[in-house]
Amino acid sequence: MSVVTRFAPSPTGFLHIGGARTALFSYLYAKRFGGKFLLRIEDTDRERSTQAAVDAIFEGMQWLGLTSDFGEIYQTQRFDRYAEVIAQMLEAGTAYHCYASREELDAMRAEQQARKEKPRYDGRWRPEPGKVLPPIPEGVKPVVRFKNPQEGEVVLNDLIKGKIVFSSDELDDLIIARGDGVPTYNFCVVVDDMDMGITHVIRGDDHVNNTPRQINMIKALGATPPQYAHVSMILGSDGAKLSKRHGALGVMEYRAMGFTPDAILNYLVRLGWSHGDQELFTREEMIAKFDFEHVSASPARFDMEKAYWVSHQYLKSADVAVIAPEFDWHLRQQGVDPTNGPKLEDVIAQQRERCRTLLEMAEKSKFFYADITGYNEKDAAKHLGAKAVPVLAGLIEGLTALSDWQAEAIHGVVHATAEKLGLKLGDVAQPIRVAVSGAAVSPPIDQTLMLLGRTATLARLAAAAAFAAKAAPAA
RNA sequence: GUUCCCAUCGUCUAACGGUUAGGACAUCACCCUUUCACGGUGAGUAUAGGGGUUCGAAUCCCCUUGGGAACGCCA
């Protein structure tokens, strides 16, 4: 049997990092066995589902490259099918109508909690042989409940957590259709997974307690339950649960922070899963090596520092042509148009070693594409003082005379200037950095000037010379 | 409250009864150096606690403690 997995988010918010990892695991597992992966939008709660959230989920999945093999599937488009199954179950006696009002149920739960019991439906409308049901109240639209078997136990052999046994008497009769006829999550999941031939249900471990009921429903429908893999949640760096108020970010925010999709995926795949000592994986390697035997059952914290490290590894080793479009996006995000200026690929090649993210790279590369707006105060005070005046003058003279604007020749001029003035290389290079980039940090100076180009270089050196001359008397 | 899950360096993890408990991130030190980085070398840091089982336990079992989840006409 070919593997079919699914990622089934409810569209009530963006695609967060935990969901992305669950989706990734599902995707990898399917691909590993040459199977299919599908994305299903669980939008039966029409009050909370929004189109904006649906769009955000698709956007995130697409950016990560986790594409569905079956297009878009919405539960709200399958209501006819759910109604059909509910009718079947009513007919077969595996489901029944319950006329208890919400108030009645609230009161029941309150009583149970007062008695320190687990709140659960008491089966007041559950038909049993010889049992007399209450009179049907007028004007009440009944809900439909699943008639859960009450004997024995349900065994879940989870691929990650191992064997988990639930006693059947812990399981109450859950509602599968609301008073208005709209089916509920636990029921829709079961019908969908069955109809879509899902072989492996990979989801967050907050669903573990739903699983025995779902297994019972699948069995009541005469189908075979899929395999389950319940993935632990991702915690914030302080060990607290990620929430909207507390550090939960959508995957697109990681794009804004300068991560590439591959880097995020690589970080996520290693969060809870391992393959010996290997830290870095290509997408192909992830697919070839992913397994549930090495997925941890315990929750993991999201460590931004390590994520940055992974990001850096990708920036350093990736094909510059692949990164260039994302780099372009970041520059434009910062209001810089990279059309006129050095080739993005060349700038990336110079910056990739010293930047952990594309955001950082864009910030540090703006000066290649736009005029600098001023000097870093400390750097200017240190490097553009009186001492810099002869240095800059010498450089301008040497560089103006340069016919061949290449790194090697530029390097020669910088060296010659230092030698002529009896200075160390750093004493010459630092003023140039500040003059040209606005601050004392840049790629190697010869590369920087080559990329910047002759015109901009000389203009900025001249401006810095004027600045230094003005600052000199005070110094 | 009830049920269920989880527990190795600060963090992510390796170990599938026998290792000086390994690697990575982070930290610190040194080297390299034209700034920032990269890179190199090295250091410190862990089996939550208590009982068993066993010749031998991080590993299997039980208890404690500490985290977490679920218990909706939410998903």
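Cut-offs applied
- Residues numbered from 1 in each chain as written.
- Chains lettered and ligands numbered in written order.
- Predicted model: local features only at pLDDT ≥ 70, side-chain atom pairs only at ≥ 80, totals over all residues.
- Heavy atoms only, no water.
- Pairing = 2+ DSSP bridges.
- Helix = DSSP H or I, 4+ residues; strand = E, 2+ residues; numbered from the N terminus.
- Axes fitted to C-alpha atoms, helices over the stretch in contact; angles between N-to-C directions.
- Near = heavy atom within 4 Å.
- Polar contact = N/O pair within 3.5 Å; in protein donor to acceptor, adjacent residues only side chain to side chain.
- Nonpolar A, V, L, I, M, F, W, Y, C, P; charged D, E, K, R; others polar.
- Salt bridge = Lys/Arg side-chain N within 4 Å of Asp/Glu carboxyl O.
- Buried < 20%, exposed > 50% of the residue type's maximum accessible area, 1.4 Å probe, protein only.

Engineer: Go over the sheet that holds strand β8 (residues 175-177) with me, naming the residues and quoting the values.
Structural biologist: Across the sheet, which stays open at both edges, the three strands sit in the order β4-β5-β8 with antiparallel pairing between neighbours. Two strands close off the open sheet at either side, each with one partner strand: β4 (95-98) and β8. Taken pair by pair, the neighbouring strands of this sheet meet at an average axis angle of 45°, ignoring direction. Two strands pair when backbone bridges link them, and strand β5 (residues 143-146) and β8 are joined in this way by two bridges, in the antiparallel orientation. What sits directly across from Arg145, in β8, is Ile175.

Engineer: Outline the protein's contact with RNA strand B, supporting the account with residue identities and numerical values.
Structural biologist: Around RNA strand B, the surrounding shell holds 62 residues, and the nearest of these are Lys116, Arg178, Glu353, Arg354 and Ser442. Sugar and phosphate atoms represent 69% of those atoms of RNA strand B found within 4 Å of the protein. Between Arg48 and RNA strand B, the recorded distance is 2.8 Å, taken from a side-chain N or O atom to a base oxygen. For the surface near RNA strand B, the elements supplying multiple residues, two or more each, are α4 (102-114), α5 (185-195), β12 (300-301), α10 (304-317) and α17 (425-437). Here the residues of the surface near RNA strand B are counted per class, giving 21 nonpolar, 17 polar and 24 charged.

Engineer: Help me get a handle on the pattern of salt bridges, residues and values and all.
Structural biologist: Any two side chains of opposite charge can pair if their charged atoms end up close together. The final tally for this structure, using the stated rule, is 30 salt bridges. A salt bridge links Arg40 to Asp192; the nearest nitrogen and oxygen atoms lie 3.5 Å apart. A residue pair is termed long-range when its members are at least 10 positions apart, and Arg40 in strand β2 (residues 36-41) and Asp192 in helix α5 qualify at 152 residues. Residue Arg40 is classed as buried on the basis of its relative accessible area, which comes to 0%. In this structure, Lys306 and Glu279 form a salt bridge, with 3.1 Å as the shortest nitrogen-oxygen distance. Placement of Lys306 in helix α10 and of Glu279 in the loop between α8 (261-269) and α9 (283-289) is noted, with a sequence separation of 27 residues between them. Each of Arg6, Arg40, Glu42, Arg78, Arg81, Glu84, Asp192, Asp193 and Asp195 takes part in salt bridges that share partners, so that together they form one network.

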